[in-house]
Amino acid sequence: MQTAEKREAIPPISAATNPLSAWLFFRRNLSRTAPVALVIVLSVVLIGTVVTIIRSIDLTVLTVYGYNRYFLVAVPRNGNRVDPRAEMTIRAEPLAKEIYRISVCFTNIHTIFGKFPFVLFGLTQEEMPKMLRLTRMKLVEGRLPREGEAACALSVGIARNRNLKVGDVVLAPNIEDSFAPVPVKLVGLLDGENWFAVTSKEFVQKNYFPPLEEIVVAAPTPDQQPELDRRLSKALDKRQVRLFTFGQLVRELRSSLRNLYLIMNIVIAIVVLVIAIMMGMLSNIFFMQRLPEFALLAAMGYTRGMLLWRVVRETALLVALGWTVGVLLSMGILWGLYWWVFEPRGMLLQPMDWQAYKYTVPVPIAVLAFAAMSVGPRLLAMDPVLVIERKV
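Model, not experiment: these values are computed from the prediction.

Cut-offs and rules
- Residues numbered from 1 in each chain as written.
- Predicted model: local features only at pLDDT ≥ 70, side-chain atom pairs only at ≥ 80, totals over all residues.
- Heavy atoms only, no water.
- Helix = DSSP H or I, 4+ residues; strand = E, 2+ residues; numbered from the N terminus.
- Buried < 20%, exposed > 50% of the residue type's maximum accessible area, 1.4 Å probe, protein only.
- Contact = heavy atoms within 4.5 Å.
- Pairing = 2+ DSSP bridges.
- Salt bridge = Lys/Arg side-chain N within 4 Å of Asp/Glu carboxyl O.
- Polar contact = N/O pair within 3.5 Å; in protein donor to acceptor, adjacent residues only side chain to side chain.
- Phe/Tyr/Trp six-rings, centres within 6.5 Å; stacked < 30°, edge-to-face > 60°.
- Patch = residues over 30% accessible without salt bridge, like charges linked within 9 Å, V, L, I, M, F, W, Y side chains within 5 Å.
- Areas by Shrake-Rupley, 256 points an atom, 1.4 Å probe, with all protein chains shown as cover.
- Disulfide = S-S within 2.5 Å.
- Axes fitted to C-alpha atoms, helices over the stretch in contact; angles between N-to-C directions.
- Parallel < 35°, antiparallel > 145°, perpendicular 65-115°, else oblique.
- Left-handed = near helix turned anticlockwise from the far one by under 90°.
- Nonpolar A, V, L, I, M, F, W, Y, C, P; charged D, E, K, R; others polar.
- pLDDT = per-residue confidence, 0-100.
- Core = buried A, V, L, I, M, F, W, Y, C linked by side-chain atoms within 4.5 Å.

A tally of regular secondary structure across the chain gives 14 helices and 10 strands. For the chain, with 392 residues in total, the buried portion stands at 47%. Nonlocal contacts in the chain, meaning residues at least 24 apart in sequence, comprise 78% of its contacts between residues at least 6 apart.

Structural data, given as C-alpha cells:
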C-alpha cells in the first residue's frame, strides 16, 4: 500500500523514460518501425498519385469544354440549318440575350487519354470580340482572323498543347485527322478562364462540306445559363435540334467515367485491405516479440487497458507519420510530373487535388483497426506470471 502511495506521489515522467510513451518503442526499434512506416508511405503514394492522375481526365474535359458554361449550342438534326420553327422558339425565349449563327470546324488536342477533338468557332468579324467577351477571353498576341481568311486564333493552352506559335499551321490537308482543304495558320493567341478557338465563319462555310450552321444562345449572366438550358431543352423538339449544354456535358462525363471510378475504388479497396491485413500480422509478430516487456509492465501494476492504449497510440503514431509523409511525397511527385511532363505538353493536372487525397484516408484507419483487433485479444488474455516464468 505504501509503495502504491509513493508511486502516485512521484511527478510525471518524461516521454524519454516513461514506459508507456508511444515514442519509446520507435526510438529504440527504428529497424522494425521504419520498414512498416515505409509500407504505409508507399501505399499512400500509390493511391494518391493514381487517383489524382485519373481525376485529371475529369479536370481536362471540364476545362477544355468550360466555355460551354456560358452558352448552349443548338445543332440541326435534319438539315444544314436549324429548323425555322426551332429558331423562332429560341428567339422568343426571354432569357436568350445573345444569339449567334455559327459554323464550326475541328482540330485535335493531346490529353492523358489520347487525342481529343476541339471546336473552332466560325464567327463573323463583328461577333468575334463579343464571343471572347462572353467567354471571359482576351487577345494577348497577334490578331483575330479576317473575314474569309484561312486562319484561326487559339487559347495559349491549346497552342502549348500542340506546340504551336503564331505563324504556324494548325490545320492542313497533309495533317492527320485534319479535314481542312487548305492550310489554316495561327494568327492570334487568346488567354482567359477557358480554352477557346475562333476562325472565320465565311472560310468554314466555303471550305467544309456540308456547310452546317448552328446557333449559339447565351443568357444575360452565367448564373442564369442553366435555367436557359432547362427551358430550351423542354421547349425544343429533340427530333429537329440537338442541344449541347454544360450540364449535359457534366452528366455524360460522369456517366462515361462511372465504370472507371468503380474499378479504381475496387483496386483501392483491395490495396487498403492487403496493407491492413499485412500490418495486423506485423503488429501481432511485434507483440509476440515484446511479450516479456508487456508481461513485466503488467506485473508492475499497469492494467491491460493501459497497455492496450499504448499499443493503439504506437500504431496511431506510426500510421499518422506514414500517411503524412506519404501525402507530402505524393504532392512532390505530382508537382514534378506537372512541371516536367504535363505543363510543357499543355496537359492538365491538379497536384493539390484534395478530393484525390481523401481516397488515402482509409489506409491509416484500416491499419489501426486491424492492428488493434489483432493485438487486443492476445493482450487482454495474457498471463504475465506465465510469461515471466517462461511458460508462454
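Moving on, we come to the pairing of strand β5 (residues 151–155). Every regular strand shows the same layout, with side chains that alternate between the two sheet faces. Where burial is concerned, most of β5 is hidden: 5 out of the 5 residues are buried. Here β5 pairs with strand β7 (residues 184–192) via 5 bridges, running parallel. The residue of β7 that forms the bridge with Ala151 is Lys185. Sheet topology note: the β5/strand β8 (residues 197–200) ladder contains 3 bridges and is antiparallel.

Right, let's talk about the pattern of salt bridges for a bit. Oppositely charged side chains can form a pair if their charged atoms are brought close together. Under the definition given, this model contains 16 salt bridges. A salt bridge links Arg101 to Glu213, with the nearest nitrogen and oxygen atoms 3.7 Å apart. Of this pair, Arg101 sits in strand β2 (residues 98–111) while Glu213 sits in the loop between α7 (201–207) and β9 (214–218), placing them 112 residues apart in sequence. We classify Glu213 as buried; its relative accessible area is 7%.

Turning to the side chain of Ser200, a few remarks are in order. One can find Ser200 in strand β8. Using a relative accessible area of 0% as the deciding quantity, one classes Ser200 as buried. A polar side-chain atom of Ser200 sits 2.7 Å from the main-chain amide nitrogen of Gly148. With residues up to four places along the chain from it excluded, the contact list for Ser200 reads Gly122, Leu123, Met128, Pro145, Arg146, Glu147, Gly148, Glu149 and Ala151.

Evaluation of the coordinates by the stated rule reveals 14 aromatic pairs. Arranged with centres 6.2 Å apart and planes meeting at 80°, the rings of Tyr65 and Tyr67 form a pair that is edge-to-face. Relative to Phe118, the ring of Tyr67 lies with its centre 6.1 Å away and its plane at 85°, an arrangement referred to as edge-to-face. With a gap of 51 residues between them, Tyr67 in the loop between α3 (30–64) and β1 (72–76) and Phe118 in strand β3 (residues 114–123) connect regions that are remote in the sequence. Given the relative accessible area of 0%, Phe118 is considered buried. Within the aromatic cluster, the residues linked to one another by ring pairs are Tyr65, Tyr67, Phe71, Phe116, Phe118, Phe121 and Phe196.

Moving on, we get to the side chain of Ser155. Inspection of the secondary structure assignment puts Ser155 in strand β5. If near-sequence neighbours (up to four positions away) are discounted, Ser155 is found in contact with Met137, Leu190, Asn194, Trp195 and Phe196.

What follows is about a nonpolar patch on the surface. Among the surface-exposed residues, Trp335, Trp339, Trp340, Val341, Met352 and Trp354 lie close enough to one another that they form a single nonpolar patch of about 700 Å² accessible area. Per-element tally for the nonpolar patch: the top contributor is helix α11 (residues 304–342), with 4 residues. Mapped onto the fold, Trp335 is located in helix α11.

Take the state of the cysteines next. All told, the structure shown has 0 disulfides when counted by the stated rule. Free cysteine Cys105: the closest other cysteine sulfur is in Cys152, separated by 7.7 Å. A relative accessible area of 2% means that Cys105 is categorised as buried.

So, on to the environment of Arg242. Locating Arg242 in the fold gives a position in strand β10 (residues 241–244). Look at Arg242 and you get partly exposed, because its relative accessible area is 32%. Once you skip the residues sitting within four places of it in the chain, Arg242 turns out to touch Val73, Ala74, Val75, Arg77, Gln248 and Glu252.

As a further point, take the packing of α11 against helix α13 (residues 362–380). Following both chains from N to C, one finds α11 and α13 inclined at 155°, their axes separated by 10 Å at the closest point. In terms of their interaxial angle, α11 and α13 are classed as roughly antiparallel. Crossing angle aside, the handedness with which α11 passes α13 is right-handed. Along the contact surface, α11 presents Arg304, Leu307, Leu308, Val311, Val312, Thr315, Ala316, Val319 and Trp323, while α13 presents Pro364, Val367, Leu368, Ala371, Ala372, Val375, Gly376, Leu379 and Leu380. When its residues are assigned to classes, the contact of α11 with α13 shows 15 nonpolar, 2 polar and 1 charged.

This paragraph deals with the pairing of β10. Here β10 shows one buried face, formed by Val241 and Leu243, and one open face, formed by Arg242 and Phe244. Taken together, the 4 bridges between β1 and β10 define a ladder with antiparallel strand orientation. Each bridged residue has a counterpart across the sheet, and for Val73 the counterpart in β10 is Phe244.

A few words now on the confidence of the model for the chain. On average, residues of the chain carry a pLDDT of 83, and 90% of them reach 70 or more. Here residues 1–16 scores under 50 on pLDDT; set against residues more than four positions off or in separate chains, the count is 5 contacts.

It is worth spelling out the nonpolar core at this point. One finds Phe71, Phe118, Phe121 and Phe196 to be the most contacted residues of the largest nonpolar core, which totals 83 residues. No other element matches helix α9 (residues 246–289), which puts 13 residues into this core. Formed by 15 residues, the second largest nonpolar core is a distinct cluster that contains Leu72, Ala86, Ala219 and Val241.

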